[in-house]
Each structure stands twice: as structure tokens, then as C-alpha cells.
Amino acid sequence: MKRLLAIGLSAALLPSLALATGNHPMAGCGLGYLLLSNKDNEQVTQILGATTNGTFGTQTFGISSGTSGCTKDGAVKLARATEVFAEVNLDSLRKEMAAGQGEYVNTFASLLGATDATRPAMVRLFQTQYTTLFPSSNTTSDEMLNRVAQTLAQHPELLG
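Quantities reported herein were computed from a predicted structural model and do not represent experimental measurements. (Residues numbered from 1 in each chain as written. Predicted model: local features only at pLDDT ≥ 70, side-chain atom pairs only at ≥ 80, totals over all residues. Heavy atoms only, no water.)

Visitor: Help me understand the pattern of salt bridges, please; the structure alone is not making it clear to me.
Guide: Between side chains of opposite charge, a pair can form when the charged atoms approach closely. Using the criterion set out here, one finds one salt bridge in the structure. For the salt bridge of Asp116 with Arg119, the shortest nitrogen-to-oxygen distance reads 2.8 Å. We classify Asp116 as exposed; its relative accessible area is 64%. (Salt bridge = Lys/Arg side-chain N within 4 Å of Asp/Glu carboxyl O. Buried < 20%, exposed > 50% of the residue type's maximum accessible area, 1.4 Å probe, protein only.)

Visitor: I keep staring at helix H10 (residues 141–153) and nothing clicks. Help me out?
Guide: In an α-helix, one full turn covers 3.6 residues, which means residues spaced three or four apart are oriented alike. The end-to-end C-alpha distance of H10, which contains 13 residues, comes to 18 Å, matching closely the 18 Å that a straight helix rising 1.5 Å per residue would cover. By the burial criterion, the buried members of H10 are Ser141, Met144, Leu145, Val148, Thr151 and Leu152. Taken end-on, H10 shows its buried residues confined to a sector of 125°, consistent with a single buried face. Of the residues in H10, the exposed ones pointing more than 90 degrees away from the buried face are Gln150 and Ala153. (Helix = DSSP H or I, 4+ residues; strand = E, 2+ residues; numbered from the N terminus. Expected span 1.5 Å × (residues − 1). Arc of directions from axis to C-beta.)

Visitor: Help me understand the environment of Thr131, please; the structure alone is not making it clear to me.
Guide: Considering the arrangement of structural elements, one finds Thr131 in helix H9 (residues 130–133). Distance in space between the C-alpha atoms of Thr131 and Ala98 is 8.8 Å, their sequence separation being 33 residues.

Visitor: Explanation requested: the nonpolar core in the structure shown.
Guide: A general tendency of soluble globular proteins is for nonpolar side chains to be buried together. One finds Leu93, Met97, Phe108, Met122, Phe126, Met144 and Val148 to be the most contacted residues of the largest nonpolar core, which totals 20 residues. Residue assignment for this core shows that the elements contributing at least two residues are helix H5 (75–88), helix H6 (90–99), helix H7 (103–112), helix H8 (119–128) and H10. With residues up to four places along the chain from it excluded, the contact list for Phe108 reads Thr82, Phe85, Ala86, Leu93, Met97, Phe126, Met144, Leu145 and Val148. (Core = buried A, V, L, I, M, F, W, Y, C linked by side-chain atoms within 4.5 Å. Contact = heavy atoms within 4.5 Å.)

Rendered as C-alpha cells:
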């Protein structure tokens, strides 16, 4: 029964699946993105979108076919690029976030989804939340990224 439902939904949504583009919310691309999580950035719709993607496997299909809101440079690649950037440039990010300016922190904000208009506000947020993002001198890039994600979840207006 689930398979028939998935086939029916896919057939009904095929035109919109092919036309959807990137700029993915936290749930990523796929059927869940199209039906639920691209409507707003609330946690409930993100969870439902991610659950739909996981249940029907549509995110994998979308990534491999370039449909369902998935692009060649999709959410997974962008997230990995952000992780690598943070790990390689952690010391510079630490200094520039404390100062509230700099090339590395501006690039980091762009990787996170800030636009030209929202980047200055995101960088200021990093500066005001510095002690939260880096609670100790031993804070790792993974810990910092988790804290950044929690902080930005409270400020979705900064994410393009």
C-alpha cells in the first residue's frame, strides 16, 4: 500500500519535482522538501519533511537525478564544504568572530547561507554570541558548528 501511495504521489508531482530548485531548508531536498519543509522554516515541518524523505527514499532519487529540489551542488556537498572550511580555518574563524569582521568569517557566513544583505548581521551575531560558540580554548570545529546551527536556528531571517 505504501508503495502504491509513493508511486501515485510521484506521478502526480512529477512536473513540480523536475522544476524545483535548490536553497534547501534543514531537511534538504526530496519529496519532503516539496510537500512540507519548503513552506516555512519551522521545526515541525522540517522534521516532517526529513521523515518523508527517509520513509520514501525520495531524497536519494532527487540527488541522483537532479530533481525534487536537489542540485549538483546540493545540501550535502555544501554542508561538507562548510565543515571542511571550519576545520581548516578554525583559528582564523575564532579570531575574526571575536573581532566581528574579516575575510574568513565573511566566507563562513556565505557558506552557511547568508546573502550580501544578511552577511553583516550574521557576522555581528557571531561576535555577540562568541562565548557561546567558543566556550573554551579547546572548542573543536564540530562543537562550534553545532553551536552555530543552534544559534542560527533562532535567527532564520539571516539564512537568505
